[in-house]
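# Topology and contacts: notes
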Amino acid sequence: MIDAHPYLVGLIGTGVLPSLTPPMHMAEARALGLTYVYRPLDLTALGIDPERIGDVLAWAERLGYDAVNVTHPCKQSVLAHLDRIDPVAAALGAVNTVLFTPTGRVGYNTDTTGFAAAFTDGLPDATTDHVVQLGAGGAGSAVADALLRLGTARLSIVDLDPVRAAALADDLASRHPLAVVDTAAPDRLADVLAGADGLVHCTPVGMAEHPGLPLDAALLRPELWVADIVYRPLDTELLITARERGCRTLSGGRMAVHQAVDAFALITGTRPDPDRMTAHFLDLVTTDSIPDTTADPAVAR
């Protein structure tokens, strides 16, 4: 039988050709009996300035795309070209999923919902009285909001750019008045981590193109849980070191899968099987030999 509605989906951003999201989506669609084509629309490869995101959306809409995922560097600039924005995405000021509907373009953010689901699934009983987050970029904003929605009482943000960290902290505090959101300079990380329950890493350090540790390994103690949103490689140096020191860990693979799960559900109206998508994702990561050149590790990949 021919599907009543075959799906056409794209991924808009720079450096997205190596993305694992298209094959992950298409494998799940096949398992569900859906016809689903997902293609990366790499702005760099196409020679298109990211500032033309509005034009790219218009082209995709006219060409019959049902939806697009949007990643670095367009997750903020795309907002001006949408008709409606989901409240969570609007509060974050970032969208990574756009649906083309009969009543207009609708934007969502599945980075933040994906991390929330990944955390709940991977560290279900983790204490979050005090969490330290490394990184205040686009990925950090989505993750921080998820942590606060999950009930984190105090969130300390550490970033090389104090202005960016302060701006994120102020924004989060205004939207989550029951929580304490503060910042710390990198040279105060040891002091902040000393009394923390967990550490979330949201910078590119540890990616294939940026190997290494984002902090002194001596700061990792067994009582600390450690989450990394980098997934290429799946076992980052941070996670390997943390496990060696007795920490519970959460890899970025779970977030990569769950953000894709949420996006797939929005696009098709059908809830995919997270376990099946996880199995396919792990197979893709195992066989993948292309380095991830995406600048933002938390993307609709």
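Everything below is about the structure shown above.
Residues numbered from 1 in each chain as written. Predicted model: local features only at pLDDT ≥ 70, side-chain atom pairs only at ≥ 80, totals over all residues. Heavy atoms only, no water.

With respect to the helices, strands and loops of the structure, leucine 284 is situated in helix 11 (residues 274–287). Here leucine 284 falls in the buried class, since its relative accessible area comes to 13%. Expressed as a C-alpha distance, the spacing of leucine 284 and proline 23, which sit 261 residues apart in the sequence, is 8.3 Å. Leucine 284 has contacts with Leu20, Pro23 and Met24, leaving out every residue within four places of it along the chain. (Helix = DSSP H or I, 4+ residues; strand = E, 2+ residues; numbered from the N terminus. Buried < 20%, exposed > 50% of the residue type's maximum accessible area, 1.4 Å probe, protein only. Contact = heavy atoms within 4.5 Å.)

Ordered in space as 9-8-7-10-11-12, the six strands form an open sheet in which the pairing is parallel. Each edge of the open sheet is held by one strand with a lone partner, namely strand 9 (180–184) and strand 12 (249–250). Bridge count for strand 10 (residues 198–201) against strand 11 (residues 225–228) is four bridges, and the pairing is parallel. Along strand 11, the bridge assignment pairs valine 200 with alanine 227. Sheet contacts for helix 6 (residues 138–149): strand 7 (130–134), strand 8 (154–158), strand 9 and strand 10; angle to strand 7, the most-contacted strand, approximately 175 degrees. Packing against the sheet, helix 9 (residues 237–244) makes contact with strand 10, strand 11 and strand 12, and its axis sits at approximately 165 degrees to strand 11. (Pairing = 2+ DSSP bridges. Axes fitted to C-alpha atoms, helices over the stretch in contact; angles between N-to-C directions.)

Under the counting rule described, the total for this entry stands at 14 salt bridges. The salt bridge involving aspartate 171 is made with arginine 175; its shortest N-O contact spans 2.8 Å. A residue pair is termed a helical-turn pair when its members lie 3 or 4 positions apart in one helix, as aspartate 171 and arginine 175 do in helix 7 (residues 162–175) at four residues. Taking relative accessible area as the criterion, aspartate 171 reaches 28% and is therefore assigned partly exposed. Arginine 221 is paired through a salt bridge with glutamate 223; the nearest N and O atoms lie 3.8 Å apart. Among the ionic contacts, a cluster of salt bridges with common partners joins Asp145, Arg149, Asp171 and Arg175. (Salt bridge = Lys/Arg side-chain N within 4 Å of Asp/Glu carboxyl O.)

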